[in-house]
Structures are given as structure tokens and as C-alpha cells.
Amino acid sequence: MAYHTTVKDFLADHLQGPHKAALTRMLDDIINACKKIAIAIDSGALEGNMGSLASENIQGEVQKVLDVMTNNIFIESNQRSGYIAAMASEEVDNVIEIPEKLKKNGKYLLLFDPLDGSSNVNVNISVGTIFSILMSPSANPILADFLQPGVSQLCAGYALYGTSTMLVFTTGNGVSGFTLDIESGEFYLTHPNMQIATDTQEFAVNMSNYRFWQEPVQRYIDECLQGEEGDRKKDFNMRWVASMVAEMHRILIRGGVFMYPIDSKLQTQGGKLRLMYEANPISYIVEQAGGLATTGTQRILEIVPTHIHQRVPVIMGSKSEVERIISYHQRKIRH
Ligand code: AHG
Ligand code: MN
Ligand code: MN
């Protein structure tokens, strides 16, 4: 095999500062959770786990069997280290407390979407897990302690269960990608220093929402569709996987822009994607890889959250395209 650096080697060599021991252990637990989740997803149909449950999560979305299974795997794997004070998940209404007998005055908060793109599980398309680590302001955190802007994240990452299982994360010093060797169970560094190309000719958006979008986003997509014959003078390609993790991984590899903008259907809920465990961790990775992440009018990482399950509009990826979309929004405000 051409690759030799495991995640453990990488962390030993690259992590510095007061959080080194804690991050090393927390990432090890996260990795073990993601390996278990990969197995659960792989054997989903064989185990009869591809269906939906009668329950809904706090967002009013029908839960899949695997949403709940992966949520439980993630909690179980991450509650024993003693470093984590509490967790928050897309699938759980309130703070997930560490059981009394496992509590050791943890100093960190772990936020996660255990299964991103879960509408794709029963059609065998890539899904992921997203996570974010914050400092805990208190030893017994309440929901308000989680409401920190994305710039406060110590670490953020995702696992992608695709043609191979990958782990991509940042601790604020660039973005590194690791691929799971299923024979040894080790993740090896295969994608050091991931960078998002500044320019792109590829966009990802759910086009069926076109008529509900605001004018700046419609204008941007109109110009992409006009291609060579329009102002952009180049043809664009489109992709829509409907798993943000898969979409953003593609953008890290070959550039592109991903959008789930505000639209008139989403106005009351503020957007589709969740700030704390979807938009913030992925935005941190995007910025660390040289890209930009915005709502259209505000840098996502600077939003001061008001609710743990808050939703936000998301526009992110290649820098010059995101800058263009921001400028279209500014023009709208001036009119
Ligand atoms: P989740 O499965 O965690 O609820 O997230 C799904 C999100 C995101 O991953 C994806 O980009 C988007 O929802 C898909 O939306 P559409 O159903 O509009 O395609
Ligand atoms: Mn999600
Ligand atoms: Mn999810």
C-alpha cells in the first residue's frame, strides 16, 4: 500500500497546544463510532434496517431506522472518554447528558448529525456523519452553553460512507482526508492539505426549488445555465446528490459551489440545513480549505446562534463563485 500515515500518527505529529490529548482521544472515539456506522450502513438491508420509523425528530422529519441506530452508536462511543461534558444531535431535542457513572468533569461539547443525507440510505447512495467540537463553558452544560458561533469550533469534520469510507477534519490548521482500509480498520492519510479550487464550472442546488428562491440566487443560476452564450462566457455542469457531505467532499476534491439558499417555502424556519451540526462544521472545513461559506449576506461562522436546532441558508465552496453570489445579494440590498 502506498500510504503509511495513520490518523494516530498524523495527530501525534501535527497537533499542538493545550487540547492535544483531549482532541486525540475524542477523535479516536469519533473514528470508532464512524467505523461502526459504516458497518451498520453496509449491512443495512441484510439486517432489515433500511426503513422508516413512526417517530419524527424535533425538526418534524420522519426518522429512518438508521437515523436512530447511528445516533445511538455515536452517543455510546463518545460518552466514555471523560473529555466530553455533553452532546447535541440532530436526532435529539435537548442536551444529551453524560450518564452520572461516566461523568468526569468533561470540558468539551460534541455536536453531530449522525446520518446526513438519510433519504439516500435505502437507494444505496452516499451518506455521511458530521461533527463539531466546542469548549464547554460549564461542567454541567445546558442548551444555552452550546450556542457559540462557528468561529469557536476547536475541531470539525465528517465521515463519508461512499465508494470508500473517508474521514475529513480540521483542527484549525488546514484540512486532512483519510481513507479507511477495511482490512486493517485503520484510516490512512490519503488527502493531505485539501484545498478548494478558487474557480469552478460546477454548481449543486436542488433546482426544483427555483421558483421559490430569491432574485440573487435565481440570477446566479440563470447565468450558469446561459453558459457560453451568457455573461459568464463558460458552460457549467450541475450535480445534486442530496447528501451535503457527499456534495461538499466532491467540492473539496474538484471545486464547485453548493447551495441550500433561503426560499419562500423555508422562510418561517430560516432555511433547510441546521447551523450547529451541519452548516458550521462544514463551513469551518470549507474556510480552512480556502473556500467561503455564507448565507448570502453573512459569514456562516459568525452567526450567533439562538437555538440548537436553528436552520440557516447555505452557499459555500469555491471562493470566486461565492464572492460573486455575495455581490449579487449586496446589489439587491442597495436597490
Ligand atoms: P439530513 O438527512 O441530515 O436531514 O440532511 C439532508 C440535507 C442535506 O444533506 C441535503 O443536501 C439536503 O438535505 C437534501 O435536500 P433535498 O431533499 O431538498 O434534496
Ligand atoms: Mn444532515
Ligand atoms: Mn441527519
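Rules behind the numbers
Residues numbered from 1 in each chain as written. Chains lettered and ligands numbered in written order. Predicted model: local features only at pLDDT ≥ 70, side-chain atom pairs only at ≥ 80, totals over all residues. Heavy atoms only, no water. Pairing = 2+ DSSP bridges. Helix = DSSP H or I, 4+ residues; strand = E, 2+ residues; numbered from the N terminus. Contact = heavy atoms within 4.5 Å. Axes fitted to C-alpha atoms, helices over the stretch in contact; angles between N-to-C directions. Donors = N, O, S within 2.8 Å, 3.2 Å for Na, K, Ca; no water. Near = heavy atom within 4 Å. Polar contact = N/O pair within 3.5 Å; in protein donor to acceptor, adjacent residues only side chain to side chain. Areas by Shrake-Rupley, 256 points an atom, 1.4 Å probe, with all protein chains shown as cover. Domains from an automatic or database assignment. Buried < 20%, exposed > 50% of the residue type's maximum accessible area, 1.4 Å probe, protein only. Phe/Tyr/Trp six-rings, centres within 6.5 Å; stacked < 30°, edge-to-face > 60°.

Student: For the sheet that holds strand 9 (residues 175–181), give the residues involved together with the corresponding values.
Tutor: Overall, mixed pairing links the eight strands, which are arranged 4-3-5-6-7-8-9-10 in an open sheet. Each having just a single partner strand, strand 4 (96–97) and strand 10 (186–191) make up the two edges of the open sheet. As defined by bridge partners, strand 5 (residues 108–116) adjoins strand 6 (residues 127–135) across seven bridges and the pair is classed as antiparallel. Note that in strand 6 the partner of Tyr 108 across the bridge is Met 135. Docked against the sheet, helix 1 (residues 7–14) engages strand 8 (165–170), strand 9 and strand 10, running at close to 10° with respect to strand 8. Strands in contact with helix 5 (residues 244–254) are strand 5, strand 6, strand 7 (155–161), strand 8 and strand 10; relative to strand 7, the strand with the most contacts, it is inclined by about 105°.

Student: Break down the coordination of the manganese ion (ligand 3) for me, with residues and values.
Tutor: Here the manganese ion (ligand 3) is held by Glu 90 (OE), Asp 113 (OD) and Leu 115 (O), and the distances to it run 2.2 to 2.8 Å. We note that the donor set of the manganese ion (ligand 3) lies within a single chain, spaced as E-x22-D-x1-L. If you look at the manganese ion (ligand 3) and the manganese ion (ligand 2), they sit 3.7 Å from each other and are both ligated by Asp 113.

Student: Could you give me a rundown of the site of ligand 1, with the residues and numbers involved?
Tutor: Lining the immediate environment of ligand 1, one finds 18 residues, of which Asp 116, Gly 117, Asn 206, Met 244 and Tyr 260 sit closest. Here an oxygen atom of ligand 1 sits 3.0 Å away from a polar atom, N or O, in the side chain of Asp 113. At a separation of 3.4 Å, an oxygen atom of ligand 1 approaches a polar side-chain atom of Glu 278. In the complex, the protein chains occlude 85% of the 480 Å² of accessible area that ligand 1 would expose alone. For the shell around ligand 1, the secondary-structure elements that each account for two or more residues are strand 5, strand 13 (257–260) and strand 14 (273–274). A per-element tally of the shell around ligand 1 places strand 5 first, with three residues. Two domains each donate at least three residues to the shell around ligand 1, and these are domain 1 (7–191) and domain 2 (202–334).

Student: Tell me about the coordination of the manganese ion (ligand 2), residues and numbers included.
Tutor: In this structure, Asp 113 (OD), Asp 116 (OD) and Glu 278 (OE) serve as the protein donors to the manganese ion (ligand 2), at separations of 1.8 to 2.2 Å. The exposure class assigned to Asp 116 is buried, which follows from its relative accessible area of 5%.

Student: For the sheet that holds strand 15 (residues 292–294), give the residues involved together with the corresponding values.
Tutor: Taken together, five strands build an open sheet; the order of strands is 12-11-13-17-15 and the sheet is mixed. The sheet is open, and its two edges are formed by strand 12 (237–238) and strand 15, each paired on a single side. Where strand 13 meets strand 17 (residues 314–317), four bridges bridge the pair, whose relative direction is antiparallel. Directly across from Phe 258, in strand 17, lies its bridge partner Met 316. Relative to the sheet, helix 4 (residues 215–226) contacts strand 11 (202–204), strand 13 and strand 17, its axis offset from that of strand 13 by approximately 140°. Docked against the sheet, helix 5 engages strand 11, strand 13 and strand 17, running at close to 155° with respect to strand 13.

Student: With reference to specific residues and values, describe the packing of aromatic side chains.
Tutor: One pass over the structure, following the stated rule, counts seven aromatic pairs. On the numbers, 5.3 Å between centres and 75° between planes, the contact of Phe 10 with Phe 178 is edge-to-face. Note that Phe 10 is positioned in helix 1 and Phe 178 in strand 9, a separation of 168 residues in sequence. With relative accessibility at 11%, the residue Phe 10 sits in the buried group. What makes Phe 178 buried here is its relative accessible area of 0%.

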